[in-house]
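# Geometric and topological summary
Chain by chain, the residues:
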Amino acid sequence: MDDIKKNNEATLALGTKPVGQLLWQYALPAIVAMTASSLYNIIDRAFIGQVVGPEAIAGLGITFPFMNLSGAFGAAVGIGASTCISVKLGQKDYKRAGNLLGNTVTLNLIIGIVFMAVSLLFLDPILRFFGASDTTLPYAREFMTVILLGNVVTHMYFGMNAVLRAAGKPRHAMYSVLFTVAMNIVLVIAFVWWFRWGIRGAALATITAQSMALCWQMWLFSDKNELLHLKRGIYRLRADLVRNIISIGISPFLMNVTSCVIVIFMNNQFVRYGGDMAVGAYSIANSVVMVFFMFVIGVTQGMQPIVGYNFGAEKYDRMLRCLWLAITAATLILLVGWSLSMLFPRQIARIFTTDDTLLNMSARGIKIDMMVFFVVGSQAVITNFFQCIGKVKISIFLSLSRQLIMLLPMAYAFPLFWGLDGVWYSMPASDLAAFLMTIPILLWYLKKLRPLPPPSPKREGAKA
């Protein structure tokens, strides 16, 4: 009984504890986890670039849209379910929160298996469409074959981690990621450097580490003393629960699908105007961007259960305070990333390659890509905020604005005038344009909020 009481108190603290302490408590573990994950990605790509070669880095860049597409389905379930669970915990509807947990497991199994089967069946044509050349296709195929075979594990691993945060266990979610990263690094060193299994070894290391972490997550959710735990009767899919998971998860789903479309298009643009080495440079620049952006993802992950719980509990002052603190933190984080990228682009690029051509292209690409990077954090936080409170249409629009609405036409038009430079400059231009679009939308909502509190999740259509 003491364990149950302790778990209940940890969840209820989302509505009572000072918001600044809560955001620190929830965001710090997520930031640590995301930072560790970013460092692993750097080590992974560095091993591939240094041991296998620059062509392998370019081949890995071709797989990014595939990874984004897979992540889109995982995000639709994991983020959608965790947001719904946060709202239900705020409303103290624990039975429905438990059913959401069970439906999360079932949805991840079904979607993971279907995505794996379809992707493996058409793997080569898909990779060609994503921009693979005769040189890069073998590397991309080797990597994605292993990743797709473990796709169910990946979906379930990320889904359960999101639910851990929603259930008031940010440290457990952090421990899960830290273990995965540490095991990944050990296995990459063994598989890629020691056994010389190449790019396939890097993929095998990823799936093996995630499988081990998933076993621990499922063990945690098997504890009957937990407020949310796995039990009989919660796994049967219910139309209302699935509908509400997807209605919230559609925003991160579209954001990931958009990233997939953009990376496909950008890979093809870089191949067209700069060749395979330009794709490798884009892969390196993209990896650097994601290192710093992972910090922001950590902030938004920490914000999500706090905003969702207090929205469900109708404590709107706490909800808005969390929003402002998250915007401030995200902006400061990306200012640090921007400064380092402007001052040391060549040193950063050298982590991934020693090839002079690729090194020069990557260093210049990093500086251009990160030119206005410090404005991206607030846009990401605001988008996540609208998702957390069930403003699905606004969240979807903002998710699409930065890449699909802004970047896609710019990445097509700019190279017509400036060639390869135009492809690079389209990225900071779209970042700035999306930021300038997002701020007025937030101010409009806050002005609307003053005379009238936000509607309940039921009236907003985000009932979980």
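Just so we're clear, the structure is a prediction, and the values are computed from it rather than from any experiment.

### Some details on the nonpolar core
Within the largest apolar cluster, 125 residues are counted, with the highest numbers of intra-cluster contacts made by Leu 127, Phe 270, Phe 385 and Phe 386. Tallying contributions element by element places helix H11 (residues 276-312) first for this core, with 17 residues. Here Phe 270 is in contact with Gly 275, Ala 278, Val 279, Tyr 282, Leu 420, Val 423, Trp 424 and Met 427, once residues within four sequence places are set aside. Counting residues in each nonpolar core, the second largest holds seven residues, with Ala 33, Tyr 157, Met 174 and Ala 213 among its members.

### Looking at a nonpolar patch on the surface
A cluster of nonpolar residues, Leu 109, Ile 110, Val 114, Val 118, Leu 121, Phe 122 and Leu 237, forms a patch on the protein surface that exposes about 620 Å² of accessible area. Turning to its location among the elements, Leu 121 is positioned in helix H4 (residues 94-121). You can call Leu 121 exposed: its relative accessible area is 64%.

### Notes on the layout of surface pockets
Each pocket or cavity is described by its volume, and for the second largest pocket that value is around 200 Å³. Contributing to the lining of the second largest pocket are Gly 20, Leu 23, Trp 24, Ala 27, Leu 28, Ile 31, Val 299, Leu 325, Ala 329 and Ile 333. Those elements that place two or more of their residues in the lining of the second largest pocket are helix H2 (19-52) and helix H12 (316-343). For the lining of the second largest pocket, the element with the highest residue contribution is H2, accounting for six residues. Looking at the lining of the second largest pocket residue by residue, the classes come out as nine nonpolar, one polar and no charged.

### Examining unusual backbone geometry
The phi dihedral of Lys 92 is positive, around 60 degrees, even though this residue is not glycine. Structurally, the position occupied by Lys 92 is in the loop between helix H3 (54-90) and H4.

### Thoughts on the packing of aromatic side chains
Under the definition given, this model contains 16 aromatic pairs. Their ring planes at 50 degrees and their centres at 6.1 Å tell us that Trp 193 and Trp 194 sit as a pair that is tilted. The exposure class of Trp 193 is partly exposed, given its relative accessible area of 43%. Their ring planes at 80 degrees and their centres at 5.4 Å tell us that Phe 386 and Tyr 445 sit as a pair that is edge-to-face. Residue Phe 386 is located in helix H15 (residues 376-388), and its partner Tyr 445 is located in helix H16 (residues 392-449); the two are separated by 59 residues in the primary sequence. Overall, the relative accessible area of 0% leaves Phe 386 in the buried class. On the accessibility criterion, Tyr 445 (3% relative accessible area) is buried. Put simply, the rings of Phe 73, Phe 115 and Phe 253 pair up and form one aromatic cluster.

### As for the packing of helix H8 (residues 170-194) against helix H9 (residues 198-220)
The interhelical angle for the contact between H8 and H9, taken along N-to-C directions, is 150 degrees, at an axis separation of 8 Å. It follows that H8 is roughly antiparallel to H9 by the angle criterion. By crossing handedness, the relation of H8 to H9 is classed as right-handed. Considering only residue class, the contact of H8 with H9 consists of 15 nonpolar, 10 polar and no charged.

### A look at the packing of H11 against H15
Where H11 meets H15, the axes come as close as 10 Å, and the angle between the chain directions of the two elements is 25 degrees. Our classification of the angle between H11 and H15 gives roughly parallel. Note that H11 runs across H15; the crossing there is right-handed. Two secondary-structure elements touch here, H11 through Phe 293, Val 296, Thr 300, Met 303, Gln 304, Val 307 and Gly 308 and H15 through Val 376, Gly 377, Ala 380, Val 381, Asn 384, Phe 385 and Cys 388. Residue composition of the contact of H11 with H15, grouped by class: nine nonpolar, five polar and no charged.

### Observations concerning H11
Between the first and last C-alpha of H11 there are 50 Å, a value that for 37 residues agrees with the 54 Å anticipated at 1.5 Å per step. At Phe 292, H11 is bent by approximately 30 degrees, the largest bend along its length. In terms of burial, H11 is a largely internal element, 32 of the 37 residues being buried. Once H11 ends, the next one or two residues include Glu 314, with phi positive near 60 degrees.

### Digging into helix H14 (residues 356-369)
Helical periodicity: at 3.6 residues per turn, an α-helix aligns residues three or four positions apart in one direction. For H14, which comprises 14 residues, the first-to-last C-alpha distance of 20 Å matches the rise-based estimate of 20 Å (1.5 Å per residue) to within 8%. Within H14, the full set of buried residues consists of Leu 358, Leu 359, Met 361, Ser 362, Ala 363, Gly 365, Ile 366, Ile 368 and Asp 369. Among the residues of H14, the N-terminal cap falls to Asp 355, whose side-chain oxygen and the backbone nitrogen of Thr 357 are separated by 3.3 Å.

### A few points about the pattern of salt bridges
Tallied over the entire structure, the rule returns six salt bridges. Among the salt bridges present, the one from Arg 96 reaches Asp 240, with a minimum N-O distance of 2.9 Å. Linking Arg 96 in helix H4 with Asp 240 in helix H10 (residues 239-274), this pair joins segments that are 144 residues apart in sequence. Accessibility expressed as a relative area gives 22% for Asp 240, which makes it partly exposed. Salt-bridge contacts for Arg 141 lead to Asp 124; the nearest nitrogen and oxygen are separated by 2.9 Å. Of the two residues, Arg 141 sits in helix H6 (residues 137-149) while Asp 124 sits in helix H5 (residues 123-129), which places them 17 residues apart along the sequence. Among the ionic contacts, a cluster of salt bridges with common partners joins Arg 96, Arg 238 and Asp 240.

Cut-off values and rules
Residues numbered from 1 in each chain as written. Predicted model: local features only at pLDDT ≥ 70, side-chain atom pairs only at ≥ 80, totals over all residues. Heavy atoms only, no water. Core = buried A, V, L, I, M, F, W, Y, C linked by side-chain atoms within 4.5 Å. Buried < 20%, exposed > 50% of the residue type's maximum accessible area, 1.4 Å probe, protein only. Helix = DSSP H or I, 4+ residues; strand = E, 2+ residues; numbered from the N terminus. Contact = heavy atoms within 4.5 Å. Patch = residues over 30% accessible without salt bridge, like charges linked within 9 Å, V, L, I, M, F, W, Y side chains within 5 Å. Areas by Shrake-Rupley, 256 points an atom, 1.4 Å probe, with all protein chains shown as cover. Salt bridge = Lys/Arg side-chain N within 4 Å of Asp/Glu carboxyl O. 1 Å grid on protein atoms, 1.4 Å probe; cavity = no way out; pocket = protein on both sides within 12 Å on 5 of 7 lines; lining within 4 Å. Points joined across faces, edges and corners; volume = space filled by probe spheres on them. Nonpolar A, V, L, I, M, F, W, Y, C, P; charged D, E, K, R; others polar. Phe/Tyr/Trp six-rings, centres within 6.5 Å; stacked < 30°, edge-to-face > 60°. Axes fitted to C-alpha atoms, helices over the stretch in contact; angles between N-to-C directions. Parallel < 35°, antiparallel > 145°, perpendicular 65-115°, else oblique. Left-handed = near helix turned anticlockwise from the far one by under 90°. Expected span 1.5 Å × (residues − 1). Bend = angle between axes of the 7 residues up to and from the residue. Polar contact = N/O pair within 3.5 Å; in protein donor to acceptor, adjacent residues only side chain to side chain.

Function-wise, these values are silent; they only describe arrangement.
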